[in-house]
Amino acid sequence: MGVSINWLKQYVDFNWRAEELANRLTMAGIAIEGIDQEDDDFILDLDLTPNRGDCLGMINLAREVAALNGSSIRMPEIAIKENHENINQYIKVGIDASDLCQRYAARLVKNVKIQESPAWLQKTLIHSGIRPINNVVDVTNYVMLECNQPLHAFDYNLLGNTILVRRARAGERFTTLDEVERKLDNDMLVITDGSKPVALAGIMGGLDSEIHDATVNVLLESAWFLGPNIRRTSRKVGLRSESSIRFEKGTDINGVIYAVNRAAMLIQELAGGEVVKGIEDVYPEPRKELQVTLRPERVNYLLGTELTPSQMRSYLEQLQFPVKEQKGNFIVNIPSYRPDIEIEVDLIEEVARLHGYDKIEPGLPGGETIPGGLTPFQKFRDEIKNIMSPYLNEVINYSFISEENFQRLLLPQDSNLRNVVRIANPLSEEQAVMRTLLLPGLLENASTNLARKNENLEFYEMGAVFYPAESGLPLERIRIGAVVCGHSDVNWTRHRVEMDFFYLKGIVENLLWKLGLEDCEFVVAKDFSYHPGRSAVLKYYGDELGIIGEVHPLVLHNYDIKQRCCAFELDVEKLFAHKRTRLMVDKIARYPAVERDIAVVLADEVTAAAALKAIRDAERELLKDVVVFDLYSGEQVAVGYKSMAFRMTFQSMERTLTDNDINSSVNRIVDRLQKDFKAELR
Amino acid sequence: MLNKLKEIADNSEKWLSQASNIDEINELRVKVLGRKGEITQVLRGLKDLDAGERASVGKIANQLKERLENMFSSRTEEIKSQELELRLARESVDISLPGLPLQRGGKHPLTLINEEIRDIFLTMGFSVAEGPEIESDYYNFEALNIPRDHPAREMQDSFYISEDILLRTHTSPVQVRTMEKLAPQLPVKIIVPGRVYRRDDDATHSPMFNQVEGLVIDKRITFGHLKGTLMHFAHKIFGEDVKVRYRPSFFPFTEPSAEMDISCVNCKGSGCRVCSHTGWLEILGAGMVDPRVLQFGGYDGEQVTGFAFGMGVERIAMLKYGINDLRLFFDNDKRFLRQF
Ligand SMILES: [Zn+2]
């Protein structure tokens, strides 16, 4: 909101230049975001916190300035020439919803002449972002800006002699000033002429009773409406006005009369006419001023200051809060224009604000310090990121996804993963459901990067996935997933690794090994989103930890990915549950190790895992290690067969092994492979 | 005979100096000093001499032999070192060629900043608390002194799952959850990192972003402690030379409330585009925990006091890394990610 400094000076004296004033206000919690010069004036751009809606009124803003420089404000004096008629002859106000409308005051100005406002008024409104309309409407807006009390002006002749404030009827229709027909419900408050609505209370008047060029008699409304209700209605009908903004934040119920008088006076000045004597003021339960007790020792206790009670008192009095002393405490009367102050801490903030936050000495909490730290699970997640980060780039995706992903991933209709937590009011269908797996986000990352010609991708993400719960909050589980495609970076050495299934499997095996989970089995997977011949489920003693594989070509097609991609996704909480501390099981042998290689021809369906298991089973004592070091199929091997080569390391803890020892071990191993798999030595 | 020996020595010396590699020297050594070499051949003639002459010629012959051996070995050394030099010269490479590229992964910049923030508070004795990303209205709003229809709910337009369940709009719900768990234990000293969600999507707002929240509760915790703690944090994360200021602000769950600004890291306070020419950057919100919130958490606001604070991780990361577009964090472009 823009505030003219020249206008502000009508209510309070100060010698500060614009920058100084802006700084003082900002440091007192009334943030000034910028200053614009306009001719001989400066316009301050106010950014108010929601609790200080009162400062949307110039007079209340002037009170802040006065509190800061120890002066006091000048309220415009009210001088109205009333005629000898009585308002009761003209209007009767009734309130049928006294919870939503706690006060309604009406005043009548007769025989006005509608015309353009004088230049000063038009200019003032324009500076405040309000379009001038005519002298009467402009006055209501001016007084709103001055007193923070929204007013409405009706053409009395079009209205009649009754005002009834009530809830709208469900389905009732009403056309607002902006010529839009609104459909109402019975939580909305309307001003009626006894039968039909003439205004949507606190938000906008009606087209049928607005002030127009031929209006002669003006009925002024000054009322107090319940903020939350105005806010709800304003959102429901999609209409925010200068008026509704002020009611939402709370207005001064005891300022209603001053404002309506101020408006009547200015209308008389600018549009002529006569003010009918009296105000029709319906105020069933007059509000008493709130009293809040402030204990001086509590102020210092909370702020860590050493202020004297008289200092505190003077801060409150600078704010024009009446203060009484009682047994060393202060009983403070809270003016009704400050509805934000409800309890003692609110007053402590006022004291701190006036004293200046910057004058409060900083310190560190003393006393017993407990050692802080991370929980084992927090450390574990760090550890996983530390293991992954040398190889993969971490991404962070939105937790919500488009439901279409499930189709793209070829998930069947009855898949558990389609059972989602749904957002009732998503920003778009693209962000409508909470993710049940990380894969869609990762594939989208691959897809967008490839579309931008970023080749060779290696991404991982750790984060929550969400599942509906029978009752209470949805379930959240932490997962880690990754996607890779292409090769390692181009370089001049000709060593480039293809980031294929086995590359990614290596990354997973490295992770498992570091977590002490190297016993994890890779079992052929049957998953709709993955290549059936190139994917595996990870099982740790029967517990499924996740999946790894090449993404199914149709899925890749659905994500517009034109090259092979591999992915994995693991349940971090399961990894944590199984994680073992690695014990040093292999003693360092003093006797030399001997390596022997064998190559055998095996039928294609014999897996490496099965062959390795057979080899280990055949020689449990001396075989220290065995790895596959070559795999060949082609011309020199019959169709349906492959040649697999193993490098075996033999070692004893007790002695140096002889050729005889080793030969007999190797023979036993070869025999076993022949027996189990009809393997032939090459 | 002596002349013969002298001749051998002179010739050897000549040949040695002409020899260009170890093999040639070895060949020559065999030819001259070997068991069937020239010297040996000559010395065989000793037996034909008389005893006196034999002794003197033998002595001279041995001296000569020794001299030749020294000549051979020093020439060998000389050639070896020449050969080594040649090899080293031959083997030199273009050291300007790049090293073998290792896989280049890395943590997301938000993770790096999160860790940095966390480590500062860990050393100050804070623990890390966490809570669900999908929250109940009670923890997200009610227990934080934000009843239904409170205008502050509008500051945080929310994604709802149902009437009472929503995506948390801040990490503050974990404050109350932690208090409930710990009350009446003291002190409470936690930070809460995590993803939060607001229904906003434009150049400066992301519907999902990251916050770090903090909470300290104990006997006699003051606003001064709030200032000191957060000032320490600001100096650790932005450097000891940044200036810090506190302005009154408003949060429904703290009173008094404050906003902490630091002197602009870009212009050092003289005013620039980054700080909208104010010289100051808003970094975090904070305040003394509202007694009503303490009560929701199971603490008596008369007996204990506390402060809370919260900051956006993206904002800190943008300032620290000089990133000017919030969207880059969730765009996950490899060219962006690889810079960290
Ligand atoms: Zn700057």
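Residues numbered from 1 in each chain as written. Chains lettered and ligands numbered in written order. Predicted model: local features only at pLDDT ≥ 70, side-chain atom pairs only at ≥ 80, totals over all residues. Heavy atoms only, no water.

Right, let's talk about the coordination of the zinc ion for a bit. Ideal coordination angles are 109.5 degrees for a metal with four donors arranged tetrahedrally and 90 or 180 degrees for a metal with six donors arranged octahedrally. All names here are of chain B. Around the zinc ion, the donor atoms from the protein are C264 (SG), C267 (SG), C272 (SG) and C275 (SG), and they sit 2.2 to 2.3 Å away. Coordination at the zinc ion comes from four donor atoms whose angles at the metal span 104 to 112°, giving a geometry best classed as tetrahedral. Summarised as a motif, the one-chain spacing of the donors to the zinc ion is C-x2-C-x4-C-x2-C. C272 sits in the buried class, given a relative accessible area of 12%. (Donors = N, O, S within 2.8 Å, 3.2 Å for Na, K, Ca; no water. Tetrahedral: all angles 85-135°; square planar, octahedral: opposite > 155°, others 65-115°. Buried < 20%, exposed > 50% of the residue type's maximum accessible area, 1.4 Å probe, protein only.)

Under the counting rule described, the total for this entry stands at 79 salt bridges over all chains. A salt bridge links R74(A) to D13(A); its shortest N-O distance comes to 3.0 Å. Linking R74(A) in the loop between α3 (58–69) and β4 (82–86) with D13(A) in the loop between α1 (5–8) and α2 (18–27), this pair joins segments that are 61 residues apart in sequence. For R74(A), a relative accessible area of 37% corresponds to the partly exposed category. The class for D13(A) is partly exposed, based on a relative accessible area of 48%. With a shortest N-O distance of 3.8 Å, R327(B) and D201(B) are connected by a salt bridge. One end of the pair, R327(B), is in the loop between α11 (313–321) and α12 (328–331); the other, D201(B), is in the loop between β4 (188–197) and β5 (208–218), with 126 residues separating them in the sequence. For R327(B), a relative accessible area of 42% corresponds to the partly exposed category. Among the charged side chains, a salt-bridge network with shared partners connects R52(A), D54(A), E64(A), R338(A), D340(A), E350(A) and R353(A). (Salt bridge = Lys/Arg side-chain N within 4 Å of Asp/Glu carboxyl O. Helix = DSSP H or I, 4+ residues; strand = E, 2+ residues; numbered from the N terminus.)

What follows concerns the interface of chain A and chain B. At the junction of the two partners, chain A supplies 96 residues and chain B supplies 89 residues. Linking chain A with chain B are 10 salt bridges. In this structure, R235(A) engages D157(B) in a salt bridge whose closest nitrogen and oxygen atoms are separated by 3.8 Å. Here chain A is connected to chain B by 51 residue pairs in polar contact (both at pLDDT 80 or more). When residues of the side of chain A that touches chain B are assigned to their parent elements, the largest contribution, eight residues, is made by strand β23 (residues 457–467) of chain A. Residues belonging to the side of chain A that touches chain B are distributed by class as follows: 43 nonpolar, 26 polar and 27 charged. (Contact = heavy atoms within 4.5 Å. Polar contact = N/O pair within 3.5 Å; in protein donor to acceptor, adjacent residues only side chain to side chain. Nonpolar A, V, L, I, M, F, W, Y, C, P; charged D, E, K, R; others polar.)

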